[in-house]
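# Examining the three-dimensional arrangement
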Amino acid sequence: MRFLTAALAAAVLSFSASAYAQKPIVIKFSHVVADSTPKGQGALMFQKLVHERLDGKVKVEVYPNSQLFGDAREMEALMLGDVHLIAPSLAKFDKFTKKLQVFDLPFLFDDMEAVDRFQNSEAGRALLRSMESKGYLGLAYWHNGLKQLSANKPLRVPEDAKGVKFRVQNSDVLVDQFRAVGGNPQKLAFSEVYQALQTGTVDGAENPWSNIYSQKFHEVQKYITESNHGLLDYMVLTNADFWNGLPGDIRTELEKIMAEVTVFVNQMADDINMEHRQKIIDSGRSEILQLTDEQREAWRKAMQPVWQKYEKEIGADVIKAALEANKK
Ligand code: LMR
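Reading the values: rules and limits
Residues numbered from 1 in each chain as written. Predicted model: local features only at pLDDT ≥ 70, side-chain atom pairs only at ≥ 80, totals over all residues. Heavy atoms only, no water. Axes fitted to C-alpha atoms, helices over the stretch in contact; angles between N-to-C directions. Helix = DSSP H or I, 4+ residues; strand = E, 2+ residues; numbered from the N terminus. Parallel < 35°, antiparallel > 145°, perpendicular 65-115°, else oblique. Left-handed = near helix turned anticlockwise from the far one by under 90°. Contact = heavy atoms within 4.5 Å. Nonpolar A, V, L, I, M, F, W, Y, C, P; charged D, E, K, R; others polar. Core = buried A, V, L, I, M, F, W, Y, C linked by side-chain atoms within 4.5 Å. Buried < 20%, exposed > 50% of the residue type's maximum accessible area, 1.4 Å probe, protein only. Phe/Tyr/Trp six-rings, centres within 6.5 Å; stacked < 30°, edge-to-face > 60°. Lys NZ or Arg CZ within 6 Å of the ring centre and 35° of its normal. Pairing = 2+ DSSP bridges.

## With respect to the packing of helix 6 (residues 172–179) against helix 12 (residues 306–314)
Where helix 6 contacts helix 12, the axes come no closer than 10 Å and their chain directions differ by 160 degrees. Taken together, helix 6 and helix 12 sit at an angle that is classed as roughly antiparallel. Considering only the axes of helix 6 and helix 12, their crossing is right-handed. Residue-level inspection shows Asp-172, Val-173, Asp-176 and Gln-177 of helix 6 in contact with helix 12, the latter providing Val-306, Lys-309 and Tyr-310. Counted by class, the contact of helix 6 with helix 12 contains 3 nonpolar, 1 polar and 3 charged residues.

## Thoughts on the nonpolar core
Residues Phe-29, Phe-46, Leu-85, Trp-142 and Leu-254 are the most contacted members of the largest nonpolar core, which totals 46 residues. Ranked by residue count, the leading element in this core is helix 10 (residues 248–283), at 9 residues. Residues in contact with Phe-29, not counting those within four places in the same chain, are Ala-43, Phe-46, Val-60, Glu-61, Val-62, Tyr-63, Leu-85, Ile-86, Ala-87 and Trp-142. Among the nonpolar cores identified, the runner-up in size contains 38 residues, and Ala-114, Leu-127, Tyr-136 and Ala-321 belong to it.

## Focus on the packing of aromatic side chains
Summed over the entire model, instances satisfying the criterion amount to 10 aromatic pairs. Taking the centre distance of 4.0 Å and the plane angle of 15 degrees together, the rings of Phe-166 and Phe-178 count as stacked. One end of the pair, Phe-166, is in strand 6 (residues 165–168); the other, Phe-178, is in helix 6, and 12 residues separate them in sequence. When the ring of Phe-190 is compared with that of Phe-217, the centres are 6.0 Å apart and the planes differ by 75 degrees; the resulting orientation is edge-to-face. Of the two residues, Phe-190 is situated in the loop between strand 7 (184–187) and helix 7 (193–199) and Phe-217 in the loop between helix 8 (209–214) and strand 9 (223–225); the sequence distance between them amounts to 27 residues. In this structure Phe-190 comes out as buried when scored by relative accessible area, which is 5%. The buried category is assigned to Phe-217, whose relative accessible area is 2%. The aromatic ring of Trp-209 is capped on one face by Arg-277, whose charged end is 5.7 Å from the ring centroid.

## Section: the packing of helix 12 against helix 13 (residues 316–324)
Where helix 12 meets helix 13, the closest approach of the two axes is 6 Å, and the angle between their N-to-C directions is 115 degrees. In terms of orientation, helix 12 and helix 13 fall into the roughly perpendicular class. Residues Trp-307, Glu-311 and Ile-314 of helix 12 form the contact with helix 13, whose participating residues are Ala-316, Val-318, Ile-319 and Leu-323. Per-class residue counts for the contact of helix 12 with helix 13 are 6 nonpolar, no polar and 1 charged.

## Quick look at the sheet that holds strand 4 (residues 136–146)
Judged by pairing direction, the sheet is mixed, and its 5 strands sit side by side in the order 2-1-3-10-4 without closing on themselves. Edge strands, defined here as strands with exactly one partner in the open sheet, are strand 2 (58–63) and strand 4. Pairing between strand 1 (residues 25–30) and strand 3 (residues 85–86): 2 bridges, direction parallel. Considered in strand 3, the bridge of Ser-30 is made with Ile-86. Lying on the sheet, helix 2 (residues 38–53) is in contact with strand 1, strand 2, strand 3, strand 4 and strand 10 (231–239); it crosses strand 2 at an angle near 160 degrees.

In structure tokens form, the structure reads like this:
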């Protein structure tokens, strides 16, 4: 009897040991936008490739649309291990590092090719590690794209922005950008923007086409000015302890997959934005305004003084490196 009990105990132990050995590592990837956007598509492709190549060893769970954590809590959730990958906009890190504010400076990059060159440069890659002392590790930059201004009145020249209540991301640079044109900026979490626009808590905003379309902002904004005045890109971020604690072979494969997905996201982001721009036009819900060269120049002149205020915090060397990327 005693022998039987011991044998049973051994069997139970070995069963649970093998069950434990087979238990996949779970990676929760949480973000705040829709599946149809560049970031949403990137998260789903990462999940697909991980399941194909690390079958049974790693399980990726994707939580879009602030379903699990919104802007306010995702950094903390990553620190606590409640999620393992997030990809906030580069505008949302100023509590953790001032250097990334470079990406918010209005009219800094000539186009997305320049953004690519900077992100892939030595100075750009170094910024992926700018929050390491706080326990966060940047794995990649993902594009969304350039931002457009939207409002319930036509915005053609900077004077039109006077008194307009603009929603901004959690970024002091963006607050100052709108103050520079006499606007009245208000920081709000992404998940609250639609309702704030609908109820008139704010009457304007800035976002790339894919966010405007997928969140239906164009249904509550009469005008969208194709201004391309600033950037909205992402950093895919993990908890450094979690990442460094993964088995080496798995981490290497995940990093390979991340690099592949990054190429995919950064190549298709512009197509998605153009497709969503067209859908907004087709919907007839919002009028798209084009700027003349002089009008765009007037916005640049009005907003650009903001750079000076942040030069010290960001570092003149970082701004210089970003500007270098404008040269082909
Ligand atoms: C926003 O808050 O407008 C964006 O950062 C949302 C996003 O993740 O694209």
